[in-house]
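# Chain and residue survey
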Amino acid sequence: MNQRISVHRVSLHQFSVPLSATRRGARLARLLAVEQLEAWGLPLDPARLIVAELAANAALHGRVPGRSFRLALSVVPATTLRIELTDTRGDRLPNSPRTTVDGHAESGYGLLLVEELADRWGVRCGPVPSKTVWAELDLVL
């Protein structure tokens, strides 16, 4: 008999909150992430730096007047912290940080920082009109 075994990534911890797409909302995202990580007994860095950069990008580049962005944190059994920032500007995807920096742009260094600090990161489009920029950190507990 052939049996299929499926493995689901069930979160051990989950936190999600909508925030105003403003500089104050970005600051609050970082502060709330710190509080949540402390409550879970997880290290603050580099997660708080990643949250700060992704939240600032959501407030600056993903802003739609009257719409919020969402911060989500989760820990899955494989000791991975997943950070997600979802905004309502799915039409504005982030540029590759290496391309931006090589082109001597005045911005784009935040994603370069995320790329260096995170074990993995990327962008997920949808549902329309949103996009989610995510980063994962492998936790050493």
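All of these numbers come straight from a predicted model, not from anything done at the bench.

Attention now moves to the overall build of the protein chain. In terms of helices and strands, the protein chain carries four helices and five strands. Each helix (α) and strand (β) of the protein chain, taken in turn from the N terminus, gives the series β-α-α-β-β-α-α-β-β. By residue count, 39% of the 141 residues in the protein chain fall in the buried class. Carbon together with sulfur atoms contributes 53% to the accessible area of the protein chain, which is approximately 8,600 Å² in total.

Okay, the pattern of salt bridges next. Close approach of charged atoms allows side chains with opposite charge to pair. For the coordinates displayed, the defined rule picks out eight salt bridges. Taking the shortest distance from any N to any O, the salt bridge between R82 and E136 comes out at 2.7 Å. You can see R82 sitting in strand β3 (residues 80-87) and its partner E136 sitting in strand β5 (residues 131-138), a full 54 residues away along the chain. Across the pair, exposure class does not vary: R82 and E136 are buried alike. Across the salt bridge formed by D138 and R120, the nearest N and O atoms sit 2.7 Å from each other.

Strand pairing within a sheet occurs via backbone hydrogen bonds; the two strands may be parallel or antiparallel. Sheet architecture is open: five strands sit in the order β1-β2-β3-β5-β4, paired in antiparallel fashion. Each edge of the open sheet is held by one strand with a lone partner, namely β1 (13-20) and β4 (120-125). The mean inter-strand angle of the sheet, taken between neighbouring strand axes irrespective of direction, is 15°. The pairing of β1 with strand β2 (residues 68-76) spans eight bridges and is classified as antiparallel. Note on β2: the bridge partner recorded for H13 is V75. Across the sheet, helix α1 (residues 23-40) is in contact with β1, β2 and β3; its angle to β1 comes to roughly 165°.

This paragraph deals with the packing of α1 against helix α2 (residues 47-61). The interhelical angle for the contact between α1 and α2, taken along N-to-C directions, is 155°, at an axis separation of 8 Å. By the criterion of interaxial angle, the relationship of α1 to α2 is roughly antiparallel. Crossing handedness for the pair α1 and α2: right-handed. Between α1 and α2, the residues in contact are R23, A26, A29, R30, A33, V34 and L37 and A47, R48, V51, A52, A55, A56 and A59, respectively. A class-by-class count of the residues in the contact of α1 with α2 yields 11 nonpolar, no polar and three charged.

Before going further, it helps to examine the environment of A59. Tracing the chain through its elements places A59 in helix α2. Taking the relative accessible area as the measure of exposure, A59 reaches 10% and is therefore buried. Excluding anything up to four places from it in sequence, A59 contacts A21, T22, R23, A26 and F69.

Moving on, we get to the nonpolar core. Judged by nonpolar contacts, the single largest core of 33 residues is most densely connected at I50, L54, F69, L71, L73, L81 and I83. When contributions to this core are tallied by element, the ones reaching two or more residues are β1, α1, α2, β2, β3, α4 (109-117) and β5. Top contributing element to this core by residue count: α2, with seven residues. When sequence neighbours within four positions are dropped, the list of residues in contact with L73 reads H13, Q14, F15, A33, Q36, W40, V51, R82 and I83.

Reading guide: rules and limits
- Residues numbered from 1 in each chain as written.
- Predicted model: local features only at pLDDT ≥ 70, side-chain atom pairs only at ≥ 80, totals over all residues.
- Heavy atoms only, no water.
- Helix = DSSP H or I, 4+ residues; strand = E, 2+ residues; numbered from the N terminus.
- Buried < 20%, exposed > 50% of the residue type's maximum accessible area, 1.4 Å probe, protein only.
- Areas by Shrake-Rupley, 256 points an atom, 1.4 Å probe, with all protein chains shown as cover.
- Salt bridge = Lys/Arg side-chain N within 4 Å of Asp/Glu carboxyl O.
- Pairing = 2+ DSSP bridges.
- Axes fitted to C-alpha atoms, helices over the stretch in contact; angles between N-to-C directions.
- Contact = heavy atoms within 4.5 Å.
- Parallel < 35°, antiparallel > 145°, perpendicular 65-115°, else oblique.
- Left-handed = near helix turned anticlockwise from the far one by under 90°.
- Nonpolar A, V, L, I, M, F, W, Y, C, P; charged D, E, K, R; others polar.
- Core = buried A, V, L, I, M, F, W, Y, C linked by side-chain atoms within 4.5 Å.

None of the figures reported here should be taken as evidence of function without further support.
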